[in-house]
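The residues making up each chain are set out below.
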Amino acid sequence: MMDYKNYIGGTWVETPASQPNVNPSDVSDVLGHAAKSSAELMEQAIDAAHQAAPQWAASTPQQRFDVLDFVGSEILARKEELGRLLSREEGKTLPEGIGEAARAGQIFKFFAGEALRQAGDRLASVRPGVEIDVTRSPVGVVGMITPWNFPIAIPAWKVAPALCYGNSVVMKPAELVPGCAHTLVEILSRSGLPDGVVNLVFGRGSEIGPVLVESDKVKAISFTGSVPTGRGIAAACGQKLKKVQLEMGGKNPMVVVDDADLNLAVDACLNGAFFSTGQRCTASSRLIVTEGIHDRFVNELTDAMKALKVGHALETGVQMGPVVDERQLQQNLSYVEVAAKESGRVIGGERLNRETEGFFMSPALVTDTDNAMRINREEVFGPVASVIRVKDYDEALAVSNDTAFGLSAGICTTSLKLASHFKANAEAGMVMVNLPTAGVDYHVPFGGTKGSSFGSREQGRYAAEFYTTVKTAYTLP
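All residue numbers refer to position in the chain's written sequence, counted from 1. For a predicted model such as this one, the threshold for reporting local features is a pLDDT of at least 70, and the threshold for listing and counting side-chain atom pairs is 80 or more; totals across whole chains, interfaces and linings nevertheless cover every residue. Note that the side-chain values use all heavy atoms of the structure and ignore hydrogens as well as water.

Peer 1: Looking at this structure, I do not really get the sheet that holds strand 1 (residues 2–4). What am I missing?
Peer 2: Strand pairs in the sheet, formed through backbone hydrogen bonds, run parallel or antiparallel to each other. Two strands make a pair as long as DSSP finds a minimum of two bridges between them. Only DSSP runs of H or I reaching four residues or more are called helices, and only runs of E reaching two or more are called strands; each is numbered from the N terminus. A sheet is described by the order of its strands in space; here 3 strands give the open sequence 1-5-4, paired in mixed fashion. Bordering the open sheet on either side are strand 1 and strand 4 (17–23), each of which pairs with just one other strand. Strand-to-strand, the axes of this sheet are offset by a mean angle of 40°, without reference to chain direction. Pairing of strand 1 with strand 5 (residues 26–35) involves 3 bridges; the strand directions are parallel. Bridge pairing links Met 2 to Gly 32 in strand 5. Should any heavy atoms of two residues lie within 4.5 Å, those residues are considered in contact. To get an axis, a line is fitted to the C-alpha atoms, and for a helix only the part in contact is used. The angle between two axes follows their N-to-C directions and goes from 0 to 180 degrees. Together, strand 4 and strand 5 form the strand contacts of helix 3 (residues 79–90), whose direction differs from that of strand 4 by roughly 100°. Here helix 6 (residues 178–189) sits on the sheet and contacts strand 1, strand 4 and strand 5; the angle it forms with strand 1, its principal contact strand, is near 75°.

Shown next, in the form of structure tokens:
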């Protein structure tokens, strides 16, 4: 059993460890205990990052490459070990855990390359003899608040670009998943970074989060989490006039039209709705199906859903692991009850008993719904999907866009015309054709519209928009 310590100014700080890291597949399996930090410790971490920022901002592209490449290489070499840790503390199946660990390594490798490819512009002025250079500079200290559902990939896609572009970092991970964050920072601590460039602080968000968000020494906040918390952070950052990047909720539509390949559509919806236990902001939670294929689709998806093996995340052959904790499980079950009270027909959605005591539930499909029902308006964040019957593609598109969210949207069709129209008209930051709404590449931008996202995009080269500031210099030689 391990104590997960804070890492401040290049030192692992002894702090009373009180938050247990419990395996949601087996609550008797306690991986360790995470530090419970005070506001004073967060202030120390911010001070350390502030003091280290100028040195790292002045680092060379080669220094940044070496650090990021080292981290990426070690993560990839240890992906099975890290994937097992991830699956134990978060509940993803082992193949999903290993896949996420590998993704984290690939993200660091990508930004290692980007450290060598940073460029600016030299332009001719409208004034004779004047030269113009447009360059990018680091923002400074970046505060990062990361969620529990992707406990190593999301920290990676925040920390890697921050370091790539010369910033220092203070990270506050979710309380439920301290192990992955601790291990990532332990690798970073051996990468050659100057002390204070990366800092890790565990604790309750309500106690130490405001210190990070409101500090004048923190120049930018990158947050992934709930909509209410994100809105509060945006308001606080607005008062301070600091950069803010928010990735929040989703109520993602998957449109299935009459001409769709039925097997492909079922597979895409099964993956998007129920893999990773539905605990993805990009999950397919609204399945919008035209009437000509509706009944066949529901029957096939129901059979496929019922065949999913639910159990301990480390057990061979398990396709869906547990919900992350009791609170999330009860929230999921309450939404199933709400859907039934709203006259939805619920298939599945029950608490399950397994050999070990954990937070297991069967995947739930709710049919006979309309888009005004709560189950179709509010994010559940669990293995719960609803089906909305529509007349045709035009109605499907209108229903798809009738939501406060706009992260990901998908369509299953064999028509190039419909696919092209949907890509152009879906009100979402990411659009999938004949693919699950969940599942993205690390070298292209990630983010949404409306209530799902705010600020610059994450991942890929577009990350530079958040982690740098543009400087325009004029010279008369």
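Peer 1: Looking at this model, I keep getting lost on the environment of Ala 124. Mind explaining?
Peer 2: Checked against the element boundaries, Ala 124 lands in strand 6 (residues 121–124). Relative accessible area decides the class of each residue, using a 1.4 Å probe on protein chains only: under 20% of the type maximum gives buried, over 50% gives exposed, and in between gives partly exposed. Taking the relative accessible area as the measure of exposure, Ala 124 reaches 74% and is therefore exposed. Sequence separation between Ala 124 and Ile 388 is 264 residues; the distance between their C-alpha atoms is 56 Å.

Peer 1: Sorry if this is basic, but what is going on with helix 10 (residues 291–306) here?
Peer 2: An α-helical segment advances 3.6 residues per turn. Residues three or four places apart therefore align on the same side. The end-to-end C-alpha distance of helix 10 is 23 Å, a good match for the 22 Å that 16 residues give at a rise of 1.5 Å each. Note that bend, as reported per residue, equals the angle between axes fitted to the 7 residues terminating at that residue and the 7 residues originating from it. Along its length, helix 10 shows its largest kink, about 25°, at Phe 297. Taken together, the buried positions of helix 10 are occupied by Ile 293, His 294, Phe 297, Val 298, Leu 301, Thr 302 and Met 305. Helix span is expected to be 1.5 Å times the residue number reduced by one.

Peer 1: Help me out: how do you make sense of the packing of aromatic side chains in this one?
Peer 2: Two aromatic rings, taken as a pair, are described by how far apart their centres are and by the angle between their planes. Two rings belonging to Phe, Tyr or Trp (six-membered ring only in the last case) form a pair when the distance between their centres is within 6.5 Å. Interplanar angles under 30 degrees mark stacking, angles over 60 mark edge-to-face geometry, and anything in between is tilted. Here the structure, examined in full by the defined rule, presents 6 aromatic pairs. Measuring from centroid to centroid gives 5.5 Å for Trp 148 and Phe 381, while their planes differ by 85°, and the two rings are edge-to-face. Pair noted here: Trp 148 is in the loop between strand 8 (141–145) and helix 5 (153–164) and Phe 381 is in the loop between strand 18 (364–369) and strand 19 (384–390), with a separation of 233 residues, a long-range link. With respect to class, Trp 148 is no different from Phe 381; both count as buried. Consider the ring centre and the ring normal. A charge sits over the ring if Lys NZ or Arg CZ is within 6 Å of that centre and within 35 degrees of that normal. Across from the ring centre of Phe 150, 4.0 Å away, lies the NZ or CZ of Lys 92, which sits over that ring.

Peer 1: Is there a simple way to explain the environment of Cys 281 in this structure?
Peer 2: Among the structural elements, Cys 281 can be located in the loop between helix 9 (262–274) and strand 14 (284–290). Considered as a pair, Cys 281 and Gly 225 are 56 residues apart in the sequence and their alpha carbons are 9.0 Å apart. Sequence-distant contacts of Cys 281, that is, excluding residues within four places in its chain, are made with Asn 149, Met 248, Gly 250, Asn 252, Glu 379, Phe 381, Leu 407 and Phe 446.

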